[in-house]
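# Notes for the structure review
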Amino acid sequence: KAGVTQTPRYLIKTRGQQVTLSCSPISGHRSVSWYQQTPGQGLQFLFEYFSETQRNKGNFPGRFSGRQFSNSRSEMNVSTLELGDSALYLCASSLGSVWGEKLFFGSGTQLSVL
Amino acid sequence: GENVEQHPSTLSVQEGDSAVIKCTYSDSASNYFPWYKQELGKGPQLIIDIRSNVGEKKDQRIAVTLNKTAKHFSLHITETQPEDSAVYFCAASERGDKLIFGTGTRLQVFP
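The sections below set out a description of the structure shown in this document. Computed from a predicted structure; not experimentally measured.

### Looking at the overall build of chain A
Within chain A, the regular secondary structure consists of zero helices and eleven strands. Computed over C-alpha atoms, the radius of gyration of chain A comes to 13 Å, within 12% of the 13 Å expected from 2.2 N^0.38 for 114 residues, which places it in the range of a compact globule. When the backbone C-alpha atoms are referred to their principal axes, chain A occupies close to 40 × 30 × 25 Å. Within chain A, the fraction of its 114 residues that count as buried is 52%.

### Focus on the environment of Y88(B)
Residues and elements named next belong to chain B. Here Y88 shows up in strand β9 (residues 86-92). In this structure the C-alpha to C-alpha distance between Y88 and T105, which are 17 residues apart in sequence, comes to 5.1 Å. Filtering out sequence-adjacent residues up to four positions away, Y88 remains in contact with Q6, I21, Y36, K37, I47, L75, I77, G104, T105 and L107.

### Comments concerning the packing of aromatic side chains
By the definition in use, this model includes 13 aromatic pairs over all chains. Taken together, a centroid distance of 5.2 Å and an interplanar angle of 90 degrees make the contact between Y35(A) and F101(B) edge-to-face. Pair noted here: Y35(A) is in strand β4 (residues 31-38) and F101(B) is in strand β10 (residues 100-101), and the two residues belong to different chains. For the pair Y35(A) and F101(B), a shared accessibility class is recorded, and that class is buried. Geometrically, the ring pair formed by Y25(B) and F73(B) is tilted, given 6.0 Å between the ring centres and 55 degrees between the ring planes. Residue Y25(B) is located in strand β3 (residues 19-25), and its partner F73(B) is located in strand β8 (residues 72-77); the two are separated by 48 residues in the primary sequence. On the accessibility criterion, F73(B) (0% relative accessible area) is buried. Taken together, the ring pairs connect Y35(A), F45(A), F105(A), Y36(B), F89(B) and F101(B) into an aromatic cluster. Directly above the ring of Y10(A) sits R9(A), whose terminal nitrogen or CZ lies 5.3 Å from the centroid. Geometry around F50(A) places R55(A) over its ring, the cationic atom sitting 4.3 Å from the centre.

### Regarding the nonpolar core
Residues W35(B), F73(B), L75(B) and L107(B) are the most contacted members of the largest nonpolar core, which totals 24 residues. The set of elements that each furnish at least two residues to this core consists of β2 (10-14), β3, β4 (32-38), β5 (45-51), β7 (62-67), β8, β9 and β11 (105-110) of chain B. Beyond its immediate stretch of four places on either side in the chain, F73(B) contacts I21(B), K22(B), C23(B), Y25(B), F33(B), W35(B), T65(B), L66(B), C90(B) and A91(B). In terms of nonpolar packing, the next biggest core, distinct from the first, is built from 21 residues, L11(A), A87(A), Y89(A) and L111(A) among them.

Criteria and thresholds
- Residues numbered from 1 in each chain as written.
- Chains lettered and ligands numbered in written order.
- Predicted model: local features only at pLDDT ≥ 70, side-chain atom pairs only at ≥ 80, totals over all residues.
- Heavy atoms only, no water.
- Helix = DSSP H or I, 4+ residues; strand = E, 2+ residues; numbered from the N terminus.
- Rg over C-alpha atoms; globule rule 2.2 N^0.38 Å.
- Buried < 20%, exposed > 50% of the residue type's maximum accessible area, 1.4 Å probe, protein only.
- Contact = heavy atoms within 4.5 Å.
- Phe/Tyr/Trp six-rings, centres within 6.5 Å; stacked < 30°, edge-to-face > 60°.
- Lys NZ or Arg CZ within 6 Å of the ring centre and 35° of its normal.
- Core = buried A, V, L, I, M, F, W, Y, C linked by side-chain atoms within 4.5 Å.

Below you can see the structure in the form of structure tokens.
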């Protein structure tokens, strides 16, 4: 079956703009998590959505937001972009019903803020 | 909250040698510890995980050990091969809570 799909693959924005990233989870998966990956910082948790509700949240400013639709697809939005927001944004899906289950990651969206 | 430290940040080994990556965590309530492998241009992929009621788990050339008292866990890769070259991430989570990742180890296996 198809894996986790993230679009777009690359994005270039300028400071102050906003951006929306999209994630389509594996069919049947109800949980979508978002991570920010930067060199030296590893993967930092942004938030997790399960059945259209935010279930967990990381320590990011309110400029970072997300949502999940009834078909489990998820979007994350970053407003008023800063240079430090340049990163690879990964989403991961899972069934979401069992604790400690395998996460399936997409290939990510590489965001560059100029 | 949970904090995960991972060492070393880079590791170079000769093909056939063993590689060991170590992680420590801060939250004694954490009880799930997965390891993910990320190849260039791809998202991380789960390679092995362990829960707090188990001290060691093995899957072919890969093994993970957990010391709950010391709050550290390790990934062991034996008989390394060039295709093992990748970035490896450890992670920890408490039941029902978010997964916290370490900063990653870049493993290079030279033929």
